[in-house]
Amino acid sequence: MRISSGLRGAVFATFSTVSALHAFAADGVQDTGRVASNTTVSVRVALKQKDVEGLKKLIEALHTPGNPLFRQFLTPEEFHRRFDPDRRDVEAATAYFTRAGLSVRHERGQLLQVSGSAQAIEEAFGVSLHEYVAPAVGPKAAHRFHAPTADPKLKSEAVEAGIEGLVGLDNRVSYHPNKSQRSPLGQNAVRANAGPGIAGAGNAFQEWTVADVARQYNVEPLYASGIRGEGKTIGIVTLASFTPSDAFRYWNRVGLRVDPNRITVVQVDGGAGPITDNSSETTLDVQQAGGLAPAAKIVVYEAPIDARTGFIDAFYKAVNDNVADTISVSWGSLEADVAAASQRIGGTKISDMKLQNQIFMQAAAQGQTVIAAQGDSGSYEANRGLPLSQYSALVSVQMPGSSPYVTSAGGTTLPSTLVFNSGVTVTIPTEQAWGWSYLAPVCAARKLDLKTTCGVWSEGSGGGVSAYFKRPSYQKAIPGIALTATGQKLTDNSTNPPEDLLELRGGFAGRNVPDVSLNADPNTGYAVDFTDQNGAFSISYGNGGTSFVAPQLAGIAALLGQRVGGRLGLLNYPLYALVRNGQAYGPGADAPLRDIVRGDTWYYRAGPGYDQTTGVGTLNVDNFAKALVRMAAEVRPH
């Protein structure tokens, strides 16, 4: 049967389990009945951590120059000793699920891996699991998933009291890569010439490599001083497999000499399976991160895309291994879509989003720098793949980039002149926020509407204000920081009367994203060397998206870590401190950041200082490295 209109009208912001079957996520979902009793189901039970407020204060101290704890990051052992759940809660929960006939695995931390037959899962959690078939919607492929018809209820109040929530009873596919390609309009460009402000002679736009990025953002002085990422490790969290030889072919093609044993692949929960179209995401992540830090080691954490537990487990593994100094992820999902898969247990609620955030807190305490792409649907992440002819526009952002303990990567368009076959010329005079509204003249020349028929809305860098995470301390007293937009509803106008599918709270003092940006526009974009699922190798051009920026920043962070002689932790603290102290954009050639004051992401416009299009702007990497060294010098003992 089709999901009822009552379920379609559920609001994500309520965090209800039922809203996991929201029409926005899966319009036309078919309920095929109860999950077969012998089907294996795996969930993650999150136990309550100790002293979460103390952890927040510790992270603040670890990132505050002048504090005695500045950069005195914890080991995983120290973290678990101080903040792990109470041992009695672990033992009680383990005993409860074991008695129910389920397998329980707990190594350390707050996660219990609980698995067994669907019948045993239903009995232990007091639910009925149904299987659903979801058709393709926007970027999401058709897929099957299971979900409970009501919130779980455990038979032991004592066990419930120690549980914060769980992930996996609902295993819808939510996450997608943030890779973008030039639009049909961009493909018809006769020329994409570099404009003023492009550093040195390099590859043509749409054919850029890491060498061009290094020139543009002043990375080369670090290379000249012997900084290449030696002694550093970059982690890549992904939901698609890849062909490692593609990365080595790319690095060889751009003239980099690298260690042939630098890549390690860790298959989480069985790995990501065979090569697919999404594999180009992992490929470019490795190529970009490893290309900018050619001496760094790379660990790729691959997890399956068809289980929500995979994303959690991959992050948990990367953080608890504590091998990676910096971790990059280019996959994400609408905040509300992630929140919708939450469960309520014992009066408390948790979603993938909250649990991810707690894992990122551990990373920050350990000094690991986590960087996530913010998305490629401009200010309208909720509208990814949904036509304006049917759905209203909803200003919204993406997770995990909206976590306060992650550096959110935005995107720009480089100075250029685009000449199209139609005879229209579009000039980008300076580096600006990436949003394809600048293609309006091309659409007009073809008598196409910019927002409905031209095929370019709402392509651009993600950005805006989280409707779930509160404004973090490092964004306080920063001019340009905004509240969530008011009156934001996603409405399906094809019904009579129109139906409101999702409403986000307005006027909320939430976390602002992105934090920092680099070139992401496919029209001024990149080449990717890739072997597809048929074994055919090719070099594709005109690629872009914030998927490039996240691994680029991860590679840069590896260089910066080597330069300062240790881990950096959360980059947001020094980025916003420079803005707050008036040291971000000057003086002159020594400025660590470049202010981006032009362009838009369809709702937000760039302006002086911080804005929701490019964050604090782009990096002058060598100057930023010098600023980080100065900060470290402030706390050296005399």
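No experiment lies behind these values; they were computed from the predicted model shown.

**Re unusual backbone geometry**
Line of reasoning, step 1. Here the residue pair Met-399 and Pro-400 is connected by a cis peptide bond, since its omega of 15 degrees sits within 30 degrees of zero.
Line of reasoning, step 2. With respect to the helices and strands, Pro-400 occurs in the loop between strand E19 (398-399) and strand E20 (407-413).
Line of reasoning, step 3. For the bond from Asn-496 to Pro-497, the omega torsion is 0 degrees, close enough to zero to count as cis.
Line of reasoning, step 4. Here Pro-497 lies in the loop between strand E25 (488-492) and strand E26 (499-504).
Line of reasoning, step 5. The backbone of Asp-51 shows a phi angle near 50 degrees, a positive value even though the residue is not glycine.
Line of reasoning, step 6. Note that Asp-51 resides in the loop between strand E2 (40-47) and helix H3 (52-62).
Line of reasoning, step 7. Judged by its relative accessible area of 48%, Asp-51 falls in the partly exposed class.
Line of reasoning, step 8. The phi torsion at Asp-269 lies on the positive side, around 55 degrees, for a residue other than glycine.
Line of reasoning, step 9. Given the relative accessible area of 37%, Asp-269 is considered partly exposed.

**Some words on the sheet that holds strand E15 (residues 331-334)**
Line of reasoning, step 1. Pairing is antiparallel in the open sheet, where three strands are placed in the order E8-E15-E19. Strands with a single pairing partner mark the edges of an open sheet, and in this sheet they are strand E8 (176-177) and E19.
Line of reasoning, step 2. Note: E15 against E19, two bridges, orientation antiparallel. Paired with Ser-333 across the strands is Met-399, a residue of E19.

**Here we look at the confidence of the model for the protein**
Line of reasoning, step 1. Model confidence for the protein is summarised by a mean pLDDT of 90, while 91% of its residues fall at 70 or above.
Line of reasoning, step 2. Within the model, pLDDT remains below 50 along residues 1-26, and this stretch shows 78 contacts once partners closer than five positions in the same chain are excluded.

**Some thoughts on the pairing of strand E29 (residues 526-531)**
Line of reasoning, step 1. Among the six residues of E29, six are classified as buried, and the element is accordingly described as predominantly covered.
Line of reasoning, step 2. Burial along E29 is two-sided: Tyr-526, Val-528 and Phe-530 and Ala-527, Asp-529 and Thr-531, pointing in opposite directions, are all buried.
Line of reasoning, step 3. Between E29 and strand E30 (residues 537-544), which pair antiparallel one after the other, the connecting turn spans five residues, and Gly-535 there sits at a positive phi close to 85 degrees.

**A short note on helix H18 (residues 572-580)**
Line of reasoning, step 1. In terms of burial, H18 is largely enclosed, as eight of its nine residues are buried.
Line of reasoning, step 2. Burial in H18 covers these residues: Asn-572, Tyr-573, Pro-574, Leu-575, Tyr-576, Ala-577, Leu-578 and Val-579.

**Structural notes on the pattern of salt bridges**
Line of reasoning, step 1. Counted according to the given criterion, the structure contains 25 salt bridges.
Line of reasoning, step 2. Glu-230 serves as the salt-bridge partner of Arg-228, at 3.5 Å between the closest nitrogen and oxygen.
Line of reasoning, step 3. On the basis of relative accessible area, Glu-230 is assigned to the partly exposed category, the value being 34%.
Line of reasoning, step 4. The residue Arg-253 makes a salt bridge to Asp-529 at a minimum N-O spacing of 2.7 Å.

**A short note on the environment of Val-258**
Line of reasoning, step 1. Topologically, Val-258 is positioned in the loop between helix H11 (244-253) and strand E12 (263-267).
Line of reasoning, step 2. Relative accessible area serves as the criterion here: at 21%, Val-258 is assigned to the partly exposed category.
Line of reasoning, step 3. Here the alpha-carbon distance between Val-258 and Pro-294, two residues 36 residues apart in the chain, equals 6.0 Å.
Line of reasoning, step 4. Not counting the four nearest positions on each side in its chain, Val-258 is found in contact with Phe-248, Trp-251 and Pro-294.

What counts, and where the lines are drawn
- Residues numbered from 1 in each chain as written.
- Predicted model: local features only at pLDDT ≥ 70, side-chain atom pairs only at ≥ 80, totals over all residues.
- Heavy atoms only, no water.
- Helix = DSSP H or I, 4+ residues; strand = E, 2+ residues; numbered from the N terminus.
- Buried < 20%, exposed > 50% of the residue type's maximum accessible area, 1.4 Å probe, protein only.
- Pairing = 2+ DSSP bridges.
- pLDDT = per-residue confidence, 0-100.
- Contact = heavy atoms within 4.5 Å.
- Salt bridge = Lys/Arg side-chain N within 4 Å of Asp/Glu carboxyl O.

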